[in-house]
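Each chain, written out:
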Amino acid sequence: TYTAVIAARARSATDPERAESILKRMENMSSSASSSSSSASTGQGRRNDDVRPDVVCYNAVLNAWARAPSSVHPDKALRAREVYDRMIALYESGENRSARPDGVSLGAVLNACAFTDPSDLDDDDDRDDDDDDRDDRDDEEGSDDAVVSSSSGARADRAAVLDVCVTTLELAASRSPALGRPNAATYSSALRTIGRMLPPCELRTDLIRGAFEQCRDAGRVNGLVVSSLLRALLRGGGGGGGETRTEKDTSGDEKEKESERIAEEILGRGCLLEERDDNGRRRFDVRGLPESWTRYAGG
C-alpha cells in the first residue's frame, strides 16, 4: 500500500517532496518497530517487513526527483543523491538490506542531473524567502508529514550538479555491479550533464572524454551515447542546440571544427560521416566502431 502511494506521488512531477516524506515515514515506522520488538514474535516481524521500504520504494522517490521540473526544484540532483546515499548506508549497515541500489537507482540519479536546466541554477534572491516559507510549513505539519528538506543545506549550482553526476558515476562504476551497473543510458545522461553544466573548456573536454572511455571500456557504446557525446562537445551541449550553421558566427564555426576534431580523435574516422543533419551536425554510424566498444550496449 505504501509503495503504491509513493508510486502515485512519484508520477506527479511536481510532488517529489511528498513522495519522499512518505518514504521517511516508512523508514521511521520500520525503525520504531524494530527497536520495540527485539524479542518480537513472527507476526510482529512480518508487520515490520510490511512497512520497511525496499529498493522499489526508493527508486520511485528517485524517479520522482528525476522527473521534477528544475524550475520548481533546482536542487533535485542533490536531493536524489541524498536518497541514493541513504540507500547505500542502510544496505551496508545491515539495517535494511532491501535498500540496496540497482541500475534503476543509478539511472534516476544521473537523470536528475541531466534534466536540470542550467538556467534554473542561477542565483535567485527570492529563493531564500521560498526556503523560509517551506520551513514554516514543515513546522506546522509536524515531523511525520513534513516536506523533506535538503540535509546538506547546499544551494544547487552548476558545480554541485556536475559533482553529483561525476561522483555518482565513479562510485557506481568502481563498485559495479554491487551498486547498480552503469549502462548506455547512464553514460548518455552523464555526457549530457557535463555538456550542459560546463562551458567549452579543457576540463569539460577531459570529463567528456573520461565518461566516454568508461563507457567504451565497459562495451556499452550505442547510438544514444555517440549522439550525447557529439552534443556535449558542440558548444553548450544541451543548450543552444537548435541553431543552424548559417546562424553561427565565425568564432562559432571555429569552435565547431575543434569539437569535430576532438570527436574524431575519440571515436575514430570510421564512425563519423561527412553527411550532416539539419542542424549541421555530423551524422554517424555506430557500425564503424570496434565491436568491443558495443558488445554490451543492449544490456
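Let me sum up the structure you'll find in this document. Predicted, not measured: the structure shown is a model, and the values here were computed from it.

A few words on the overall build of the chain. Of regular secondary structure, the chain possesses 13 helices and two strands. Each of the 299 residues in the chain was classed as buried or not, and the buried ones make up 44%. Of the contacts made within the chain by residues no fewer than 6 positions apart, 72% connect residues no fewer than 24 positions apart. Accessible surface for the chain amounts to roughly 14,600 Å². Of this, 45% is attributable to carbon and sulfur atoms.

Let's shift gears to the packing of helix α9 (residues 184-197) against helix α11 (residues 223-233). The description of two packed helices rests on the angle between their axes and on the distance between the axes. Taken N-terminus to C-terminus, the directions of α9 and α11 make an angle of 5 degrees; their axes are 8 Å apart at the nearest point. For the element pair α9 / α11, the angle class is roughly parallel. Mapping the contact onto sequence places Ala184, Ala185, Ser188, Leu191 and Gly195 in α9 and Leu224, Val225, Ser228, Leu229 and Ala232 in α11.

According to the stated counting rule, one finds 20 salt bridges in the structure shown. Across the salt bridge formed by glutamate 254 and lysine 257, the nearest N and O atoms sit 4.0 Å from each other. Taken together, the residues span about one helical turn, with glutamate 254 and lysine 257 both in helix α12 (residues 250-267) at a distance of three residues. Overall, the relative accessible area of 53% leaves lysine 257 in the exposed class. The salt bridge partner of glutamate 260 is arginine 282, with a shortest N-O separation of 3.5 Å. One end of the pair, glutamate 260, is in helix α12; the other, arginine 282, is in strand β2 (residues 282-284), with 22 residues separating them in the sequence. Assigned by exposure class, glutamate 260 and arginine 282 land together as buried. What you see here is one network of salt bridges that share partners, running through Glu256, Glu260, Glu264, Arg269, Glu274, Arg276 and Arg282.

Residues Ile6, Phe212, Val221, Leu229 and Leu267 are the most contacted members of the largest nonpolar core, which totals 66 residues. Per-element accounting of this core gives the leading share, nine residues, to helix α4 (residues 55-67). In this structure, this core is formed jointly by two domains, domain 1 (1-32 + 51-122 + 157-182) and domain 2 (204-237 + 250-298), each of which donates at least three residues. When neighbours within four sequence positions are excluded, phenylalanine 212 is seen to be in contact with Leu191, Val221, Val225, Leu229, Ile266, Leu267 and Trp293.

Note that asparagine 111 resides in helix α6 (residues 103-114). For asparagine 111, a relative accessible area of 27% translates into the label partly exposed.

Before going further, it helps to examine unusual backbone geometry. Put simply, serine 176 and proline 177 share a cis peptide bond, and its omega is 5 degrees. By secondary structure assignment, the location of proline 177 is in the loop between α8 (158-174) and α9.

Evaluation of the coordinates by the stated rule reveals one aromatic pair. When the centroid spacing of 5.9 Å and the interplanar angle of 75 degrees are considered together, the rings of phenylalanine 212 and tryptophan 293 count as edge-to-face. Here the residue phenylalanine 212 occupies a position in helix α10 (residues 202-217), and tryptophan 293 occupies one in helix α13 (residues 291-294), the gap between them amounting to 81 residues.

Turning to the pairing of strand β1 (residues 272-276), a few remarks are in order. As judged from the two bridges shared by β1 and β2, these two strands associate in the antiparallel manner. Within β2, the residue paired with arginine 276 across the bridge is arginine 282. Connecting β1 to the antiparallel partner β2 that follows it, the hairpin turn spans five residues, and glycine 280 within it adopts a positive phi of roughly 85 degrees.

With that settled, the discussion passes to the packing of α4 against α6. Contact geometry of α4 with α6 gives a least axis separation of 8 Å together with a crossing angle of 15 degrees. In terms of orientation, α4 and α6 fall into the roughly parallel class. α4 and α6 meet at a crossing whose hand is left-handed. Here Val55, Asn59, Leu62, Asn63, Trp65 and Ala66 of α4 come into contact with α6, specifically with Val104, Ser105, Ala108, Val109, Asn111 and Ala112. A class-by-class count of the residues in the contact of α4 with α6 yields eight nonpolar, four polar and no charged.

Another aspect to go through is α8. The end-to-end C-alpha separation of α8 is 24 Å, in line with the 24 Å expected for 17 residues at 1.5 Å each. Taken together, the buried residues of α8 touch α5 (76-93), α6, α9 and α10. Between a side-chain oxygen at the N-terminus of α8 and the backbone nitrogen of alanine 159 the separation is 3.3 Å; the capping residue is aspartate 157.

Rules behind the numbers
Residues numbered from 1 in each chain as written. Predicted model: local features only at pLDDT ≥ 70, side-chain atom pairs only at ≥ 80, totals over all residues. Heavy atoms only, no water. Helix = DSSP H or I, 4+ residues; strand = E, 2+ residues; numbered from the N terminus. Buried < 20%, exposed > 50% of the residue type's maximum accessible area, 1.4 Å probe, protein only. Contact = heavy atoms within 4.5 Å. Areas by Shrake-Rupley, 256 points an atom, 1.4 Å probe, with all protein chains shown as cover. Axes fitted to C-alpha atoms, helices over the stretch in contact; angles between N-to-C directions. Parallel < 35°, antiparallel > 145°, perpendicular 65-115°, else oblique. Salt bridge = Lys/Arg side-chain N within 4 Å of Asp/Glu carboxyl O. Core = buried A, V, L, I, M, F, W, Y, C linked by side-chain atoms within 4.5 Å. Domains from an automatic or database assignment. Phe/Tyr/Trp six-rings, centres within 6.5 Å; stacked < 30°, edge-to-face > 60°. Pairing = 2+ DSSP bridges. Left-handed = near helix turned anticlockwise from the far one by under 90°. Nonpolar A, V, L, I, M, F, W, Y, C, P; charged D, E, K, R; others polar. Expected span 1.5 Å × (residues − 1). Polar contact = N/O pair within 3.5 Å; in protein donor to acceptor, adjacent residues only side chain to side chain.

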